[in-house]
Amino acid sequence: MQCCVCKNEMQVGLEPWHWQCNVCRYEATSFEPAINQKIMHTKINEIEREDGLKELREQNFRILIELINQHLPSGGKRRLLDVGAAHGWFVKMAMTQFDAVGIEPDKGVCRKTKESGVPIIEGYFPEVLNKNDRFDVIVFNDVFEHLSDVSGILRACKDHLTNTGILVINLPSNEGFFYKLSKFFKRAGFSSFFERMWQKGLPSPHLHYFNTGNIISLVEQHSFRQVNVNSLPAIHIKGLYNRIKFTGQKNNLLVFLIWIAVVIAMPFITMFKSDNTVVLFKIDS
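Residues numbered from 1 in each chain as written. Predicted model: local features only at pLDDT ≥ 70, side-chain atom pairs only at ≥ 80, totals over all residues. Heavy atoms only, no water.

Moving on to the overall build of the chain. From N to C terminus, the chain includes 10 helices and 11 strands. By the burial criterion, 51% of the 285 residues in the chain qualify as buried. Contacts in the chain between residues far apart in sequence, at least 24 positions, make up 69% of those at least 6 positions apart. When the accessible surface of the chain is totalled, it reaches about 13800 Å², and 53% of it is carbon and sulfur. (Helix = DSSP H or I, 4+ residues; strand = E, 2+ residues; numbered from the N terminus. Buried < 20%, exposed > 50% of the residue type's maximum accessible area, 1.4 Å probe, protein only. Contact = heavy atoms within 4.5 Å. Areas by Shrake-Rupley, 256 points an atom, 1.4 Å probe, with all protein chains shown as cover.)

Take a look at the structure:
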């Protein structure tokens, strides 16, 4: 496997499906997405997933909108596209300040989001867009790491952004505390945490793990320049229990013990790098 960032040959990592670049520290898997295969969705309790993530996501989305506004010209109704909009939380929040729309490939999730009144298009970016569609902001919230052809996606982003537009990539980092902890447990013989970080066996597994340096390097290879780097909180106490449980963990005692351990460790965890990184880019003119 060739590194998508620095083009060097990658090495097999901690599992046969796990690959890592020893030059730029990019990591990848050989997983295949199965977004619309019904049997895969039996592995996820969508209600618990929604309850587990909503508070954290909405907190982070408020920070994102503030960052975006700092780097966009003021005035006029600006167009925003949320790629992989899922339940539409970010679109709904952005609609107060933008002409916002989402794209979502998961048919079941998209149908539910439409029924809630959020403007969303079913399908894949950029295929579902018209050739001349242009946006002032294109956002990937915990989506970029699930996409196979990241270079093709970045070329499409350039084509569909206005000249002064912003590309926002919010994604997990392999420099984060929880990801590093999962690798420690893996080396000690406990695989489940590491597999969970990669979302192994779920409809849309992680295909990539970037860090701040290599995601900037990759995007800047496609005629963008970085204008802002930030970290976002990776966990929130509210909803944490359901977040641990939503992938089908049946052992309630184990879920409770993990939850207690994370709650107790929260002051310690905040001393380390967050597992969520957000980078804003503009087209390099």
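Resuming the write-up.
The next point concerns unusual backbone geometry. Put simply, Phe-125 and Pro-126 share a cis peptide bond, and its omega is 5°. Looking at the element boundaries, Pro-126 is found in the loop between β6 (120-122) and β7 (135-141). Even without a glycine there, the phi angle at Lys-7 is positive, about 70°. With respect to the element layout, Lys-7 can be found in the segment before β1 (11-12). We classify Lys-7 as partly exposed; its relative accessible area is 42%. Here Asp-142, not a glycine, exhibits a phi torsion of approximately 55°, which is positive. Residue position: Asp-142 is located in the loop between β7 and α5 (150-160). The class for Asp-142 is buried, based on a relative accessible area of 17%.

Here the focus is the sheet that holds β1. Taken together, the 4 strands give an open sheet; going across it, the order is β1-β2-β3-β9, and neighbouring strands pair in antiparallel fashion. Two strands in the sheet have a free side with no partner beyond their single neighbour: β1 and β9 (208-209). Relative to β9, strand β3 (residues 27-29) is paired through 2 bridges, and the arrangement is antiparallel. Following the sheet pairing, Glu-27 is matched in β9 by Tyr-209. (Pairing = 2+ DSSP bridges.)

With that out of the way, let us pick up the side chain of Asn-228. Its location among the elements puts Asn-228 in strand β10 (residues 224-232). The class for Asn-228 is buried, based on a relative accessible area of 14%. For Asn-228, the side chain forms a polar contact with the side chain of Asn-230, separated by 2.6 Å. (Polar contact = N/O pair within 3.5 Å; in protein donor to acceptor, adjacent residues only side chain to side chain.)

Counted under the stated rule, the structure contains 15 aromatic pairs. Between the aromatic rings of Trp-17 and Phe-194, the centroid separation amounts to 5.7 Å while the plane-to-plane angle is 20°, which identifies the pairing as stacked. A residue pair is termed long-range when its members are at least 10 positions apart, and Trp-17 in the loop between β1 and β2 (18-20) and Phe-194 in helix α7 (residues 192-197) qualify at 177 residues. Exposure class is identical for Trp-17 and Phe-194. Each is buried. Ring geometry for Trp-198 and Tyr-209: centres 4.9 Å apart, planes at 75°, overall edge-to-face. Of this pair, Trp-198 sits in the loop between α7 and β9 while Tyr-209 sits in strand β9, and the two are 11 residues apart along the sequence. (Phe/Tyr/Trp six-rings, centres within 6.5 Å; stacked < 30°, edge-to-face > 60°.)

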